[in-house]
Each structure stands twice: as C-alpha cells, then as structure tokens.
Amino acid sequence: MGTLLNNSFMLSRVANSIYWLGRYLERAENYARFIDVNFNLMLDLPPGLKAQWEPLIFATGDQELYSEKYGDYDKKSVINFMTLDKSNPNSIISSLTYARENARIIRENLSKETWEKINELYHYINQASERKIWDKKDPRSFFEHIKNHIQLLYGLSDSTVARTEGWYFRNLGMFLERADKTSRILDVKYHMLLPSPKEVGSPLDLLHWTALLKSVSAFNTYRRMYGKIESSNLVEFLIFNRRFPRSVYFCLKEAEDCLHMISDSSTNEYNNSAEKEIGALRSKLGFSDINDIINVGLHESIDEIQQKINIISSEIDLNFFQLKHSSFTQNQQEE
C-alpha cells in the first residue's frame, strides 16, 4: 500500500479531514448517548435523590469552560452546553459542524449517500432549538435521532467505501475517539456518582453501573458474558475485553491495525512514532489485568491511558498531517 502523505500536500489535507471526520462523528454520537442514558437514569432514581448532571461535564473534560458560562450543573444547562452551545468546541452542534466541513473538503472521496446523510444531520442539529429539544419536556427522541443517524452513517460507510487509505484514516479517528470516551465515562462513574462510600454495592450503585453499561451499549453483552453486575468484572470488560467493540483494548487494537495498514508495516514492527506509541499502550493493556488496575488505582490507570491517547493523537498529527511547507492549518479541536 505504501506510506501516504510523505511528499503530498493534497493527500495530507485529505487524510487529515477523513481522520477528523471519524473523530467528530464518534464524539457527537457519544455525547448523544451519554445524555440519553443519563436522562433515563434520572427517571429511575429513588424519590428525593437529586439527579446528577455534573458527571457528564467531567466526562467530557470541559468543566473549566462550563464554569465560565454557567452556574449550577442543572439539567437544562448541562444539556444545552453539550448539545447546542457553539462556544463549546466539543458540543454536538460543534462536532457535527466540524464533521460536515471535513466531509465537504473530501466530498469526492465519499459516497453520495454518505455526504447526503452527513448534510442532513448537520441541518437537523442547526435547525434545533431549546424549545424543539424540550418538546413535551422529554428530549430523548432528539438524542435518539442523532445517535441512530450516525450509526446509519457508519453502516453506509461499511457498505459503500473501498478499503483504501481513507477508510483506515476514518476508522483510526473513530476508534481513538471511542477509546477515550469509554475510559472517561468509566472514570467519572467510579469517582462521582455515589452519594457516599456506604452506597457501594447498594441497589443505587447497581443502578449506576447498569446506566454506565447502557451508555456504551454494553448491557446485554456484559450480562451474557459475565452474568451478575460486579464492579471488578465491569472494569475488566470495558478496559481489557478483546471482543467487545467499545472496550479500550479493542479500540486501541483496531486503531493500531489501521496505522499498520496506512504505513504498510507488519504487526511486529513500526515505521513511525505513532505506531510505536500505540503499540506500547496496546501491549501494556494486553499483558495487564484487573489486579494491575486495582493495585495502581482505577483513576490513576485511566488517567495514564488518556494521557497516552493524547500522545498518540499528537504523533499521528506529526507523522501524517504536519507538512513543513504546508499553509493548510485546520482548527481541529482537541479535548
């Protein structure tokens, strides 16, 4: 296949746009599912227990920006910030705007159906308003539409796009974004969702773990594989499982395979620093287990994973998208 982009400005720009198209669509889909699941959790909480929306802001890593604009972490403020706030570079409307712009740049590389669906979703979110989202005081159908539309886009891509370098760049972005979001939502659950340590193992704790599994569409798969919901099994499932497509390990392995295909290297070698970094992290997870997480601490372990994913993202940018003589700079937003 040959290494892409070494001497080509145009190909570098195209690859950059395809990669970020994958990241932004995955980011928007994750935000939609997080809000939808949290809203359902709120309906299931025992009477008198205050619903918690603050954890969603911590899961996105945007608490500093949020605190500059909003006061309390009330339901409508959090949902507006994550959905329609254009000053939030990671909101659903911002992510879909960036996704559509990247798709426009590489439109000739997309199937007609894919471009039409991206454009349709872009106009849907831009025509939205607080009144539309909160129609009948229940926003779940709005977020269900966004989530289903993006999953339809994934299906169209699987069915209509040739497995060339562009395909691997899109999947590379999608799987890196997914690994990051799975780790973040797991970290937030562990630290913030229980009123007190005495609640650990209680029905309320079980309710929160169930909501977490549903937020990554993992509830039924987990129950088939593990049965009873236990925190240690759940952490093992979401970090180390090699078959579930939203576990951190699975996502990193898929992203690593994409890099190997792009760089035309074997699985036992690396041609650049991006491959080296992702291979090191995937290998570490591959030879670790839940006991290693417990010994180090869940938060500390996840924090290290997130830092490594950021390093991998930087190395991908350096190796494939940063050309010395390029005047093209795209304002891609990192978390």
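In what follows, the accompanying structure is described. Everything numeric in this text was worked out from a predicted model, so none of it was measured. (Residues numbered from 1 in each chain as written. Predicted model: local features only at pLDDT ≥ 70, side-chain atom pairs only at ≥ 80, totals over all residues. Heavy atoms only, no water.)

Some thoughts on the overall build of the protein
When helices and strands are counted, the protein shows 16 helices and zero strands. The buried share among the 335 residues of the protein stands at 53%. Restricting the contact set of the protein to residue pairs at least 6 apart, pairs at least 24 apart contribute 67%. Accessible area for the protein stands at about 15600 Å²; split by element, carbon and sulfur atoms hold 49% of it. (Helix = DSSP H or I, 4+ residues; strand = E, 2+ residues; numbered from the N terminus. Buried < 20%, exposed > 50% of the residue type's maximum accessible area, 1.4 Å probe, protein only. Contact = heavy atoms within 4.5 Å. Areas by Shrake-Rupley, 256 points an atom, 1.4 Å probe, with all protein chains shown as cover.)

Here we look at the layout of surface pockets
Approximately 370 Å³ is the volume found for the largest pocket. Forming the walls of the largest pocket are 23 residues, and the residues nearest its centre are Ile-18, Asn-109, Val-161, Gly-166 and Trp-167. Broken down by secondary-structure element, the contributors of at least two residues to the lining of the largest pocket are helix H1 (9-44), helix H6 (112-126), helix H8 (140-160) and helix H9 (165-192). At six residues, the largest contribution of residues to the lining of the largest pocket is made by H1. The class makeup of the residues in the lining of the largest pocket is 16 nonpolar, five polar and two charged. (1 Å grid on protein atoms, 1.4 Å probe; cavity = no way out; pocket = protein on both sides within 12 Å on 5 of 7 lines; lining within 4 Å. Points joined across faces, edges and corners; volume = space filled by probe spheres on them. Nonpolar A, V, L, I, M, F, W, Y, C, P; charged D, E, K, R; others polar.)

Focus: the pattern of salt bridges
Following the criterion strictly, the structure yields 18 salt bridges and no others. A salt bridge links Glu-29 to Arg-246; its shortest N-O distance comes to 3.3 Å. Placement of Glu-29 in helix H1 and of Arg-246 in the loop between helix H12 (231-240) and helix H13 (248-263) is noted, with a sequence separation of 217 residues between them. Taken as a pair, Glu-29 and Arg-246 share a single burial class, namely buried. Of the charged contacts in the structure, one is a salt bridge between Glu-101 and Arg-104, with a shortest N-O distance of 2.5 Å. Note that Glu-101 and Arg-104 are positioned in helix H5 (residues 92-105) at a spacing of three residues, about one turn of the helix. Using a relative accessible area of 32% as the deciding quantity, one classes Glu-101 as partly exposed. Given a relative accessible area of 43%, Arg-104 falls into the partly exposed group. A single salt-bridge network, built from bridges that share partners, covers Arg-23, Arg-27, Glu-177, Asp-180, Lys-181 and Arg-184. (Salt bridge = Lys/Arg side-chain N within 4 Å of Asp/Glu carboxyl O.)

What to know about the nonpolar core
Counting residues in each nonpolar core, the largest one holds 95 residues, and the members touching the most others are Leu-172, Leu-176, Leu-186 and Ile-316. When residues of this core are assigned to their parent elements, the largest contribution, 15 residues, is made by H1. Setting aside anything within four residues of it in sequence, one finds Ile-316 in contact with Tyr-19, Leu-172, Leu-176, Leu-259, Ala-274 and Phe-321. (Core = buried A, V, L, I, M, F, W, Y, C linked by side-chain atoms within 4.5 Å.)

Details of the side chain of Thr-83
Relative to the elements of secondary structure, Thr-83 occurs in helix H4 (residues 75-83). Separated by 2.7 Å, the side chain of Thr-83 and the backbone oxygen of Ile-79 make a polar contact. Not counting the four nearest positions on each side in its chain, Thr-83 is found in contact with Ile-35, Ser-91, Ile-92, Ile-93, Ile-125, Ile-133, Phe-142 and Phe-143. (Polar contact = N/O pair within 3.5 Å; in protein donor to acceptor, adjacent residues only side chain to side chain.)

Comments concerning the packing of aromatic side chains
Tallying each qualifying case throughout the model produces 18 aromatic pairs. Judged by centre distance (5.7 Å) and plane angle (75°), the ring pair of Tyr-226 and Phe-237 falls under edge-to-face. Here Phe-237 lies in helix H12 and Tyr-226 lies in helix H11 (residues 219-226), a separation of 11 residues in the sequence. On the accessibility criterion, Phe-237 (0% relative accessible area) is buried. (Phe/Tyr/Trp six-rings, centres within 6.5 Å; stacked < 30°, edge-to-face > 60°.)

With respect to the environment of Leu-41
Tracing the chain through its elements places Leu-41 in helix H1. C-alpha separation for the pair Leu-41 and His-208, spaced 167 residues apart in sequence, amounts to 7.6 Å. Look past the residues within four positions of Leu-41 in its chain and what remains in contact with it is Leu-207, His-208 and Ala-211.

A closer look at unusual backbone geometry
If you check the backbone angles, Ser-217 has positive phi at about 55° while not being a glycine. The class of Ser-217 is partly exposed, set by a relative accessible area of 43%.

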